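Structure assessment
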Amino acid sequence: MANNNKNTYGIVYLLVAATVVSLFFYLVNKVDGLKVRNNVIDNISDDIANNGKVDNVSKTNLLEESGWLWNNTKYLDRRVSFPNQGKIFNLILKADNTFYSTTDCNNLSGKYNFQDLKIDFYDIARTEMYCEDMQEEKYLRDLENVESYSINKNDILILNMKDGVGKMYFNLKSFEK
């Protein structure tokens, strides 16, 4: 009889532990969703406060031989895509309206139009090596879907996709000239 009580307590303990773990992951996802929404609200507030002007980095600085390091992409449906560990995606916007990007497998190059806060990428060419588990296709598709940009107060380049389906986030990176 005492052995049965120990088994019952063990099962109850496991059920309570599983419930607590499930609740934890549920709350983490809820908080993550709120963070994404708050970031969107912060970006809108920044845009309103600055009358649509870019923060901290002038348009000229954006076009100079600066580089941007892809940090993540946040989608409207709350998915977040990060570069795989150890993979670096660089984006370099040149003053002659051409760009260059490295991905987790190939290199991209093409042209971009830039006016006010609108930007679009086109005539994109790439090398065609095969790599396993590459994120390049999704990155390229998202880049082709960009229609505008902003730079927040932390010098993060935000490329906004058409129809508000997502935002690509890039950190400013200085390259040796």
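In this report, we go over the structure that sits alongside the text.

1. Here we look at the pattern of salt bridges
Should their charged atoms come close, side chains of opposite charge can pair. Scanning the entire structure with this criterion turns up three salt bridges. Across the pair Arg-79 and Asp-77 runs a salt bridge whose closest N-O atoms are separated by 2.8 Å. Judged by relative accessible area, Arg-79 falls into the partly exposed class, the value being 41%. Looking at Asp-77, the relative accessible area reads 48%, which means it is partly exposed. Salt-bridge contacts for Glu-137 lead to Arg-126; the nearest nitrogen and oxygen are separated by 2.7 Å. With Glu-137 in helix α3 (residues 136-144) and Arg-126 in strand β6 (residues 118-126), this pair connects stretches of sequence that are 11 residues apart. Among the residues examined, Arg-126 registers a relative accessible area of 31% and is labelled partly exposed. Salt bridges sharing partners connect three or more residues here, namely Arg-126, Glu-136 and Glu-137.

2. Concerning the state of the cysteines
Using the criterion set out here, one finds one disulfide in the structure. Disulfide partner of Cys-105: Cys-131, at an S-S distance of 2.0 Å. Residues Cys-105 and Cys-131 are joined through a disulfide that is right-handed, its torsion about the S-S bond being 75°. Here Cys-105, found in the loop between β4 (98-102) and β5 (107-115), pairs with Cys-131, found in the loop between β6 and α3; they are 26 residues apart in sequence, far enough to count as distant. Looking at Cys-105, the relative accessible area reads 11%, which means it is buried.

3. What about the packing of aromatic side chains?
On inspection of all chains with the given rule, the structure shows seven aromatic pairs. Here the aromatic rings of Phe-89 and Tyr-139 are separated by 4.9 Å at their centres, their planes lie at 50°, and the arrangement is tilted. Remark: Tyr-139 occurs in helix α3 and Phe-89 occurs in the loop between β2 (80-81) and β3 (90-93); sequence separation between them is 50 residues. Each member of the pair, Phe-89 together with Tyr-139, is buried. Linked through ring pairs, Trp-70, Phe-89, Tyr-139 and Phe-170 together constitute an aromatic cluster. Over the face of the ring belonging to Tyr-169 we find Lys-74, whose NZ or CZ atom lies 5.2 Å from the ring centre.

Cut-offs applied
Residues numbered from 1 in each chain as written. Predicted model: local features only at pLDDT ≥ 70, side-chain atom pairs only at ≥ 80, totals over all residues. Heavy atoms only, no water. Salt bridge = Lys/Arg side-chain N within 4 Å of Asp/Glu carboxyl O. Buried < 20%, exposed > 50% of the residue type's maximum accessible area, 1.4 Å probe, protein only. Helix = DSSP H or I, 4+ residues; strand = E, 2+ residues; numbered from the N terminus. Disulfide = S-S within 2.5 Å. Phe/Tyr/Trp six-rings, centres within 6.5 Å; stacked < 30°, edge-to-face > 60°. Lys NZ or Arg CZ within 6 Å of the ring centre and 35° of its normal.

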